[in-house]
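Observations on chain architecture
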Amino acid sequence: MFKKKAGDSIAKGININTIVRDYGILLALILLMVILSWSNQYFLTPRNILNVLRQTSINGILALGMTFVILTRGIDLSVGSVVALAGIVSASLATTSSTAGIMGAPYPAVVAIIVGLLVGATTGGIAGTIVARLNVPAFVATLGMLSAARGLTLIYAGGRPVPALTPEFRWIGTGDILGIPVPVVIFAAVFLISWWVLTRTRFGRYVYAVGGNPRAAKTSGINVTRIKLYVYVISGALAALAGMILAARTGSALTQAGIAYELDAIAAVVIGGTSLSGGIGRISGTLIGALLIGVMNNGLDLMGVESYYQQVLKGVLIVAAVMLDQTRNRHE
Amino acid sequence: MVHLLEVSGLTKSFGGVAALRNGQFQLESGSVHALCGGNGAGKSTFLSIIMGIHVRDGGQIWRNGELVEFASPAEALASGISIIEQELSPVPHMTVAENIYLGREPLRRFGGINFSAMNKASGRILDSLEFDISPTTLMMDLSIAQTQLVEIAKALSYDAEVIFMDEPTSAIGGQEVEQLLAAIQKLKAQGKGIVYVSHRLSEIFEVADHYTVFRDGAFVEEGEISSIDRRGLIRCIVGRDLEEEFTKTNTPTNKTGLAVVGLSDENKISDISFSVNKGEILGIYGLMGSGRTEIFECLFGLSKKTSGTISIAKKTIEVNSPSQAIGHGLALVTEDRKLSGLVMTGSVRSNLCLASLKNLGHGPVMSSMLEKTASKEMIAQFSIKAERDTMPVSELSGGNQQKTVLGKWFMTKPDVLLLDEPTRGVDVGAKREIYGVMSEFASQGGTVVMTSSEIEEVLGMADRILVMRDGRISGVLSRKEANAEMLVNLAA
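If you're wondering where the values come from, they're calculated on a predicted model, not measured in any experiment.

Okay, the confidence of the model for chain B next. Low-pLDDT portions of the prediction should not be read for the details of their coordinates. Residue and element names in this part refer to chain B. Scored by pLDDT, chain B has a mean of 86; 95% of the residues are at 70 or more. Across chain B, helix α12 (residues 348–353) holds the top mean pLDDT of 94, while helix α8 (residues 230–238) sits lowest at 78. Across the interfaces of the predicted complex, the ipTM metric reaches 0.82, alongside a pTM of 0.76.

Pasting the structure below:
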């Protein structure tokens, strides 16, 4: 027996409330873009759009990794620190500076990037092991990693930035492919791969099941521990990628890079409709969430609004998005 | 004579379905009164009306001869009626005294809690009952039985005269039960009236003076325990023949399907041995906490066995994880579909496919076509009533959700089906369908093991019945020889 009659959902299909509920964030993004393009003729220029995308790409990459973690009922607070750690470590391999680099530097950019990714995957693996095997709450485990990775960054670099990166390495932050900035290309590629993994692979199905009901997932033969571990490795590696792009863009790696970046990443995921209680969410939502934050920052900049106000608005947006989600869940 | 509590003609319906048609009850002071009845007999509805949780549709309640009407549990408590629930919910990090006086702590002049007065008062109550518990012990350091004793002390701290105990022994065993029954005798000696709800008949005959039986939401009989025997009480509780509710078409073969020898786990089950033939339905009957579920958890790799061997079709298998169990052709329909059966945030299709994902794609990549086809097949086979298979499984009715769980496991093409309370919380129609599926599976050569706490279901569906008590097998009966009385006797 249906709890809802068949007729209800047909009527629901054209129900304006449902559309707002399901596509509200996308509508908000489009609406914002329409308003901005009216009020400022510079907004919709290709140059500015690429600029928004480039500014969004670092937070976007972090948010994509964060989506995997949050889908399994977890959270990764360490991404901001991993941004700095992986940035510093890879930069020390790709610098021409004789004092900041490690022996034999500069290495080819590929080597520096692979080592950077391994650093991120390792910190993610450690946090993931603590969460999945030792059953420490994700909040606590990654809060610890937030502090530890920042400390390791400072120890490794002796508290100093790593300047003078090779042009080859800087290309991932400043180069372009067919006129499109490399960070944007990387962001797009990470998005497509994440989307494919979550919607088309068995691993993706497992991620949703583990977040939706770990016990049912376990009973159905899924290795819940392993899936949980993997999502932190993914998040760590993507944080490292973002960290390297950031270092490459600015030309030197800073020990203070990425502070509080985890908050914007979580905000993008949450605004994108992924539930903090796991099992519900779409990677496309995260993309829209990250873009919305990026467009809003850009638009407010263009309109000359002070960055202090931008923070207030972002706060309002996060809470409003989650409230929207709550009403949706109540309906179900 | 004035009764502590007298109830007559109590009725209550939920959404047009009568849960209680005629609740009738009389409690004398200084007595223990057993309230008996099967599942759905209306006992819990009865209790929640008396406690002011539900509002009655009709009938009267007298307390010490005065007509009363409770709008909330607080009012019931204030008039001296207290209940000790089946699921206790103490605050573990607080002391015994803090738990007893939770929410009404004695205060000092400036609003601080007067701990010494609280501890002294708690100590007095605990001593009067001769409980060997210190008021300053933390709740978390107590056993379940001791926690129950604290609940009794709490009831007395409210000056309760009428104390309901809902299945107080369901989670404790042996000696602890004796301790609890002794405490009940003391309460009785103090002139309290105790209403004792339990499925364990041996306890009822040990502790109660009177009995009242409910069946199908209505009062059936009352009397003195001394005037009825165990057999008579069971007949009164079970009351009717349910044979025709069950669709049973299978006939056991003589080929072994599943064999278990000497299975034990750390503390819940020990030395479990049985074998089930292909085409056979083995029923496992036992009370809550008797180890039924733990057998399945060991077989399925959800909990560690400490000894014993498992074999399927005469081949010994090693099971350390559910995925190994599934690989060996086992399937487990768990007791609670919301807790461990379904991913409620997922769609019908994703739930149906969840245990078979390895077969529904190419390597690590899923094939939507294969998933869609497989899910359609199961929806048709189990006649799951879903608008689309992409709709959230949470929007299905209980019966269809349960069929979705079954579908998930049938998709793995199992040889051995383990069913833990397969019809819990589903309506009669869906129940029949589930019985049909079970029979069909067995008659095609499948092996079925089913646990149930419903006697009628076990009697109706099983070819052989294994009865559990305190983690051990207390008897195995064939379909022909088994009857309700024997099952209850062996289980309690």
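More follows now that the structure is in view.
Let us look at unusual backbone geometry. Residues and elements named next belong to chain B. Located in the positive-phi region is lysine 413, a residue other than glycine, with phi close to 50 degrees. Within the secondary structure, lysine 413 sits in the loop between α14 (398–411) and β19 (416–420). Residue classification places lysine 413 among the exposed residues on the basis of 11 C-beta atoms within 10 Å.

If you look at the interface, chain B gives 28 residues, while chain A gives 26 residues. Elements with a minimum of two residues in the side of chain B that touches chain A: α10 (322–327), α11 (337–341) and β18 (365–366) of chain B. For the side of chain B that touches chain A, the residue count by class is 15 nonpolar, ten polar and three charged.

Looking along a regular strand, one sees the side chains alternate between the two faces of the sheet. All names here are of chain B. Burial within strand β3 (residues 31–36) is extensive, with five of its six residues counted as buried. Where β3 meets strand β8 (residues 193–197), five bridges bridge the pair, whose relative direction is parallel. Considered in β8, the bridge of serine 31 is made with glycine 193. Relative to strand β9 (residues 210–215), β3 runs parallel, the two being bridged by four bridges. Across the sheet, residue alanine 34 finds its bridge partner in β9, namely tyrosine 211.

This part takes up the sheet that holds strand β12 (residues 272–277) of chain B. Residues and elements named next belong to chain B. Taken in spatial order, the four strands of this open sheet run β12-β11-β14-β15, and their pairing is antiparallel. The two strands at the open ends of the sheet, each matched to only one other strand, are β12 and β15 (315–317). Taking each pair of neighbouring strands and ignoring which way they run, the sheet shows an average axis angle of 15 degrees. Taken together, the five bridges between strand β11 (residues 256–265) and β12 define a ladder with antiparallel strand orientation. When the bridges of β12 are listed, threonine 256 appears paired with asparagine 277. Running at roughly 105 degrees to β11, helix α9 (residues 292–299) makes contact with β11, β12 and β14 (305–312) of the sheet.

Predicted confidence across chain A gives a mean pLDDT of 88, with 91% of residues reaching 70 or more. Contacts of residues 1–13 of chain A to residues separated by more than four positions or lying in other chains number eleven contacts, the stretch itself having pLDDT below 50.

Definitions and limits used
Residues numbered from 1 in each chain as written. Chains lettered and ligands numbered in written order. Predicted model: local features only at pLDDT ≥ 70, side-chain atom pairs only at ≥ 80, totals over all residues. pLDDT = per-residue confidence, 0-100. Helix = DSSP H or I, 4+ residues; strand = E, 2+ residues; numbered from the N terminus. Buried ≥ 20, exposed ≤ 12 C-beta atoms within 10 Å, placed from the backbone. Contact = placed C-beta atoms within 7 Å. Nonpolar A, V, L, I, M, F, W, Y, C, P; charged D, E, K, R; others polar. Pairing = 2+ DSSP bridges. Axes fitted to C-alpha atoms, helices over the stretch in contact; angles between N-to-C directions.

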